[in-house]
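Spelled out from the first residue to the last, the chains are:
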Amino acid sequence: MKDPKSALNSGRVVSIRGSVVDILFEQNLPPIHSLLRTGDNLQIVIEVQAQRDAHCVQGIALTPTQGLARGMLVEDTGGPLLAPVGKNIRSRMFDVFGNTIDNESPLENVQWRSVNSPPPPLSRRSTQSEIFETGIKVIDVLMPLERGGKAGLFGGAGVGKTVLLTEMIHNMIGHHEGVSIFCGIGERSREGEELYREMKAAGVLPNMVMVFGQMNEPPGSRFRVGHVALTMAEYFRDDEHRDVLLLIDNIFRFIQAGSEISGLLGQMPSRLGYQPTMGTELSSLEERIANTDTGAITSIQAVYVPADDFTDPAAVHTFSHLSASIVLSRKRASEGLYPAVDPLESNSRMATPGIVGERHYALAQEVRRTLAQYTELKDIIAMLGLEQLSPDDRNLVARARRLERFLTQPFFTTEQFTSNKGKLVSLKDSLDGCERILRDEFRDYPESALYMIGSINEAKIQAVPDNNSASNAKPDTRLKATSGTSASVAPEDG
């Protein structure tokens, strides 16, 4: 490496406060976003965040600052943070600096591009709307995703965001002809290692790129890793004209890293302690994810919701950028209804008759209406019991409970834990199943026959019709015995 003493533009460290470093330059002041290097082996990397005056810049360290001291020489690299792009980055795992971290051979024949690219102009954006199938029943029916759109998986800790994201990778990467890029922002290193191993075992690694900024890394590194992944995605979209599937886990950690940097720089926090620039920082990332005339970047983002509070500013700001919001419910998870998607809280901009078609739209609305009416009746059932409902309401409850169980699905990524073989369900099969349940075709079948199946025909294989059931007047008096989630739903039945 080059000795900093011989650098054309060098400065000296004048103060250090955690990850914030002030550097004095006698002559040429580096522009904002410039990358500076210091330390005995130039191992400490600093990104310029502000120009304090005519000779002093303030930067955030992207690496740990152990060993840094006042008076140390700092070298100006003369440019911003760069990310590697090219065909050879596929099947590799990178850190925020573009270094490979998969213990494979060194990277060759790649270009390096700045991570600070502007979003594509409106004149280049595509205005067509297409559905992006996932093979997951509840998502494809009630909140279809958009090709070239942004979908968010919202949920608190432990409700299945990462599992659902991993399942989507598994389902899509087989019939997805483009490139998949996984960006881990502030997540556990264990999850990254497991994902790499699983993707390698599945044989899908050749069309996948992974970029990680782990939770043990400084906030500057976690804040920039999303821009690195986006730079790689833009190369495949704009240069190779391929569709890109960008998976981000977790966008809240990006906002959190920005909040940490803001606090370190001494900015006055805004509502609930978040940085005053949160909206701008999130927009600079999200607006680069776009569908253009040459290709599309379809993004699925996990969003941690602090304390399950959906009014938290981080969740509210993220909602505004998305074309589909998939909300995961702790209550449904506790009832064993996986994936724990809340069908009434989740929504999609694509769920209109002009895009999904009249039949799909009408079925989705009928499913929502049935589940919403069941939710309203739950209080009456808890207080007075199911017997006090009218026959029509009892039939509606039976229908809703069958729909809830049909919309569960065994995942490929959880086979080793549940011993249930994963299922990939087409949109046609999902719609047919919902339609047949709404027509009461399965009223004589126990609810457990519909739990954790793929297409609706599997219910007929799993169970013989219960002709002795009280389907005429008391459709659900046997629910406690037959439900696949009996222990958790029994209290609601009175």
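Here, the structure is the one placed above.
This one's a predicted model, so the numbers in the text were calculated from it and none came from an experiment.

Caption draft 1: How the structure looks around the sheet that holds strand β6 (residues 73-80). Strand order in the closed barrel formed by 6 strands is β1-β2-β5-β4-β3-β6, and the pairing between neighbours is antiparallel. Adjacent strand axes in the sheet meet at a mean angle of 45 degrees, parallel and antiparallel pairs treated alike.

Caption draft 2: Representation of the environment of L285. Note that L285 resides in helix α6 (residues 278-286). The exposure class of L285 is buried, given its relative accessible area of 1%. Beyond its immediate chain neighbours, meaning those up to four positions away, L285 contacts G226, H227, L230, I251 and F254.

Caption draft 3: Region of interest: the layout of surface pockets. Of the voids in this model, the largest pocket is the one considered here, and its volume is about 940 Å³. Lining the largest pocket are 40 residues; nearest its centre among them are G160, K161, T162, V163 and E191. Sorting the residues of the lining of the largest pocket by element identifies α2 (161-175), β13 (179-185), α3 (189-202) and α12 (415-418) as the ones contributing at least two each. Residue composition of the lining of the largest pocket, by class: 18 nonpolar, 12 polar and 10 charged. In this model, the second largest pocket occupies a volume close to 440 Å³. Partitioned by chemical class, the residues of the lining of the second largest pocket number 6 nonpolar, 11 polar and 3 charged.

Caption draft 4: Spatial organisation of the packing of aromatic side chains. One pass over the structure, following the stated rule, counts 7 aromatic pairs. For the pair F310 and F319, a centre-to-centre distance of 6.5 Å together with 40 degrees between the ring planes defines the contact as tilted. Residue classification places F319 among the partly exposed residues on the basis of a relative accessible area of 26%. Through a chain of ring-to-ring contacts, three or more aromatic side chains come together here, namely F154, F310 and F319. Geometry around Y304 places R253 over its ring, the cationic atom sitting 5.2 Å from the centre.

Caption draft 5: Focus on unusual backbone geometry. In this structure, P339 follows Y338 across a cis peptide bond, with omega equal to 0 degrees. Here the phi dihedral of S91 falls at roughly 70 degrees; this positive angle occurs in a residue that is not glycine. Along the chain, S91 turns up in the loop between β7 (82-85) and β8 (93-94). Overall, the relative accessible area of 25% leaves S91 in the partly exposed class. The backbone of A307 shows a phi angle near 55 degrees, a positive value even though the residue is not glycine. Relative to the elements of secondary structure, A307 occurs in the loop between β16 (297-304) and α7 (313-319).

Caption draft 6: Here's a closer look at the pattern of salt bridges. Applying the stated criterion to the full structure yields 36 salt bridges. One salt bridge in this structure joins D238 and R237, with 2.8 Å as the shortest N-O distance. Of the residues examined, D238 reaches a relative accessible area of 23% and is grouped as partly exposed. Owing to a relative accessible area of 1%, R237 belongs among the buried residues under this scheme. With a shortest N-O distance of 3.5 Å, K460 and E441 are connected by a salt bridge. Taken as a pair, K460 in helix α14 (residues 457-462) and E441 in the loop between α13 (427-438) and α14 lie far apart in primary sequence, 19 residues in all.

Caption draft 7: Structural detail: empty space enclosed by the protein. Taken as a whole, this structure holds 2 cavities of 30 Å³ or more when the rule is applied. Approximately 30 Å³ is the volume attributed to the second largest cavity. Lining the second largest cavity, in full, are E47, Q49, I60, L62, G220, F223, R224 and I261. Where the lining of the second largest cavity is concerned, the elements lending two or more residues are β4 (44-51) and α4 (219-238).

Caption draft 8: Geometry of the sheet that holds β16. Within the open sheet, the 8 strands sit side by side as β8-β14-β13-β15-β16-β12-β17-β18. Their pairing is mixed. Bordering the open sheet on either side are β8 and β18 (347-348), each of which pairs with just one other strand. With respect to the sheet, α3 is in contact with β8, β13, β14 (208-213) and β15 (244-249), its orientation differing from that of β14 by roughly 170 degrees.

Rules used throughout
Residues numbered from 1 in each chain as written. Predicted model: local features only at pLDDT ≥ 70, side-chain atom pairs only at ≥ 80, totals over all residues. Heavy atoms only, no water. Pairing = 2+ DSSP bridges. Helix = DSSP H or I, 4+ residues; strand = E, 2+ residues; numbered from the N terminus. Axes fitted to C-alpha atoms, helices over the stretch in contact; angles between N-to-C directions. Buried < 20%, exposed > 50% of the residue type's maximum accessible area, 1.4 Å probe, protein only. Contact = heavy atoms within 4.5 Å. 1 Å grid on protein atoms, 1.4 Å probe; cavity = no way out; pocket = protein on both sides within 12 Å on 5 of 7 lines; lining within 4 Å. Points joined across faces, edges and corners; volume = space filled by probe spheres on them. Nonpolar A, V, L, I, M, F, W, Y, C, P; charged D, E, K, R; others polar. Phe/Tyr/Trp six-rings, centres within 6.5 Å; stacked < 30°, edge-to-face > 60°. Lys NZ or Arg CZ within 6 Å of the ring centre and 35° of its normal. Salt bridge = Lys/Arg side-chain N within 4 Å of Asp/Glu carboxyl O.

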